[in-house]
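Reading the structure
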Amino acid sequence: MIKKTDRNHKEIIDKCRTLGLSVFSTHTIGKGFPDIVVGYKKKNYLIEIKDGEKSPSQRKLTKDEVKFFEDWNGQVDIANNFDDVKKILGI
């Protein structure tokens, strides 16, 4: 099964890398695991990417994503665009 990414997935990754951030795309892991892991200032950030141009109902978390967010004891965030990623990282 091919895992699809949101329209802005590659754009966000590319922009992160232009800032010198480490980025690993994890969208194929499944089971609600967030789409990317970003490394910044020796910290890791789990980020679920949603397409901010879609309606809110189309950006809802899947059942697996909701479960992951509820069960994960660490940081996990949602980014609708690159500006959201910068806010999450505090840059």
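Read on for a plain summary of the structure. (Residues numbered from 1 in each chain as written. Predicted model: local features only at pLDDT ≥ 70, side-chain atom pairs only at ≥ 80, totals over all residues. Heavy atoms only, no water.)

1. Let's talk about the pattern of salt bridges
Under the convention used in this document: Take a side-chain nitrogen of Lys or Arg and a carboxyl oxygen of Asp or Glu: if they are within 4 Å of each other, that pair is a salt bridge. Working definition: helices are DSSP H or I runs of at least four residues, strands are E runs of at least two. Numbering for both runs from the N terminus. The cut-offs for exposure are 20% and 50% of the maximum accessible area for each residue type, with area from a 1.4 Å probe on protein chains only; residues under the lower value are buried, those over the upper are exposed, and the others partly exposed.
The full count for this structure, using the stated rule, is 9 salt bridges. For Arg7, the salt bridge identified is with Glu53, shortest N-O distance 3.7 Å. With a gap of 46 residues between them, Arg7 in the segment before α1 (9-18) and Glu53 in the loop between β3 (43-49) and α2 (63-71) connect regions that are remote in the sequence. For Lys86, the salt bridge goes to Asp83, with nearest N and O atoms at 3.6 Å. Placement of the pair is Lys86 and Asp83 together in helix α3 (residues 82-89), with a separation of 3 residues, close to one helical turn. Owing to a relative accessible area of 44%, Asp83 belongs among the partly exposed residues under this scheme. Through salt bridges with shared partners, a single network forms among Arg7, Glu11, Lys15, Asp51 and Glu53.

2. Structural notes on the side chain of Lys50
Note the cut-off: For this analysis, residues touch if any pair of their heavy atoms sits within 4.5 Å.
Following the sequence through the fold, Lys50 ends up in the loop between β3 and α2. When sequence neighbours within four positions are dropped, the list of residues in contact with Lys50 reads Asp6, Asn8, Arg59, Lys60, Leu61, Glu65, Ile78, Ala79 and Asn80.

3. Topic: the nonpolar core
Applied cut-off: Each nonpolar core is a collection of buried residues, namely Ala, Val, Leu, Ile, Met, Phe, Trp, Tyr and Cys, held together in the definition by side-chain atoms within 4.5 Å.
Ranked by size, the top nonpolar core spans 15 residues in total, and within it Ile36, Val38 and Val85 carry the most contacts. At the level of secondary structure, the elements contributing two or more residues to this core comprise α1, β2 (36-40), β3 and α3.

4. Things to note about the pairing of β3
Defined as follows: Strand pairing is assigned whenever DSSP identifies at least 2 bridges connecting the two strands. When the strands point away from the viewer and the connection leading from the first strand across the helix to the second strand turns clockwise, the crossover is called right-handed.
Burial analysis of β3 places 5 of its 7 residues in the buried class, the great majority of the element. With 5 bridges connecting them, β2 and β3 associate as antiparallel partners. Bridge assignment links Val37 to a residue of β3, and that residue is Leu46. Counting the residues in the hairpin turn of β2 and β3 gives 2 residues, including Lys41, whose phi is positive at 50°. Taking the sense of rotation as the criterion, the β-α-β connection linking β3, α2 and strand β4 (residues 77-79) turns out right-handed.

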